[in-house]
Amino acid sequence: MTAMGCQRKAPGPQECQRVALRVVGVTQGWMLRMPRVRGMIDEVTVDCLTRPYDRELVRCIEETGQSRACLAEFRLRKTGPAQLERKESPDLPESR
């Protein structure tokens, strides 16, 4: 029996690789032979481990398959709506 306080909050390497496969859209084994696909998987896996992604994001991607929407929600949770808006539109003039 594991204590709840000891449970990892961030996904581990295997979970991150599973998430990366879904984010990249790998549906067939042959796709893993493509260097570009492998590079994208590595990039998402490293991002998942170093950012790190949270369990809510991992669950969203695994349950819905909507990786873009899940990642957008994750960014919003981490940065807040005001900062996300500022980052996406830095060249907009201030309203008077």
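Residues numbered from 1 in each chain as written. Predicted model: local features only at pLDDT ≥ 70, side-chain atom pairs only at ≥ 80, totals over all residues. Heavy atoms only, no water.

(A) Seen up close, the confidence of the model for the protein chain. Looking at the protein chain as a whole, the pLDDT averages 82, with 75% of positions reaching at least 70. Per-residue pLDDT, averaged within each element of the protein chain, yields its smallest value for helix α5 (residues 81-88) (53) and its largest for helix α2 (residues 35-50) (96). Note that residues 86-96 has pLDDT below 50 and, in this model, one contact with residues that lie over four places away or in other chains. (pLDDT = per-residue confidence, 0-100. Helix = DSSP H or I, 4+ residues; strand = E, 2+ residues; numbered from the N terminus. Contact = heavy atoms within 4.5 Å.)

(B) Focus on the packing of helix α1 (residues 13-24) against α2. Contact pair α1 / α2: the axes reach a minimum separation of 8 Å and the direction vectors enclose 130°. Viewed along their axes, α1 and α2 adopt a mutual orientation that is oblique. Judged by the twist between their axes, the crossing of α1 over α2 is right-handed. Where α1 abuts α2, its residues P13, C16, Q17, A20, L21, V23 and V24 lie against V37, M40, I41, V44, T45, C48 and L49. Across the contact of α1 with α2, the residue classes tally to 12 nonpolar, two polar and no charged. (Axes fitted to C-alpha atoms, helices over the stretch in contact; angles between N-to-C directions. Parallel < 35°, antiparallel > 145°, perpendicular 65-115°, else oblique. Left-handed = near helix turned anticlockwise from the far one by under 90°. Nonpolar A, V, L, I, M, F, W, Y, C, P; charged D, E, K, R; others polar.)

(C) Spatial organisation of the packing of α1 against helix α3 (residues 55-64). One way to put it is that α1 packs onto α3 with a least axis distance of 10 Å and a crossing angle of 45°. On the basis of their axis angle, the class for α1 and α3 is oblique. Of the two elements, α1 crosses α3, and the hand of that crossing is left-handed. On α3, the residues touching E15, R18, V19, R22 and V23 of α1 are R55, V58, I61 and E62. Tallied by class, the residues present in the contact of α1 with α3 amount to four nonpolar, no polar and five charged.

(D) Local environment of the nonpolar core. In terms of nonpolar packing, the biggest core is built from 18 residues, with V24, V26, I41, Y53 and L57 touching the most fellow members. Listing elements by their share of this core, those giving two or more residues are α1, α2, α3 and α4 (67-79). (Core = buried A, V, L, I, M, F, W, Y, C linked by side-chain atoms within 4.5 Å. Buried < 20%, exposed > 50% of the residue type's maximum accessible area, 1.4 Å probe, protein only.)

(E) Layout of the state of the cysteines. Throughout the structure, instances matching the rule amount to two disulfides. The side chain of C16 participates in a disulfide bridge whose partner is C48; the two sulfur atoms lie 2.0 Å from each other. The sign of the -70° torsion about the S-S bond sets the C16-C48 disulfide as left-handed. Highlighted residues: C16 in helix α1 and C48 in helix α2, separated in sequence by 32 residues. Residue C16 is classed as buried on the basis of its relative accessible area of 0%. Look at C48 and you get buried, because its relative accessible area is 0%. Note on cysteine connectivity: C60 is disulfide-linked to C70, with sulfurs 1.9 Å apart. Across the disulfide from C60 to C70, rotation about the S-S bond amounts to roughly -75°, and the bridge is consequently left-handed. (Disulfide = S-S within 2.5 Å.)

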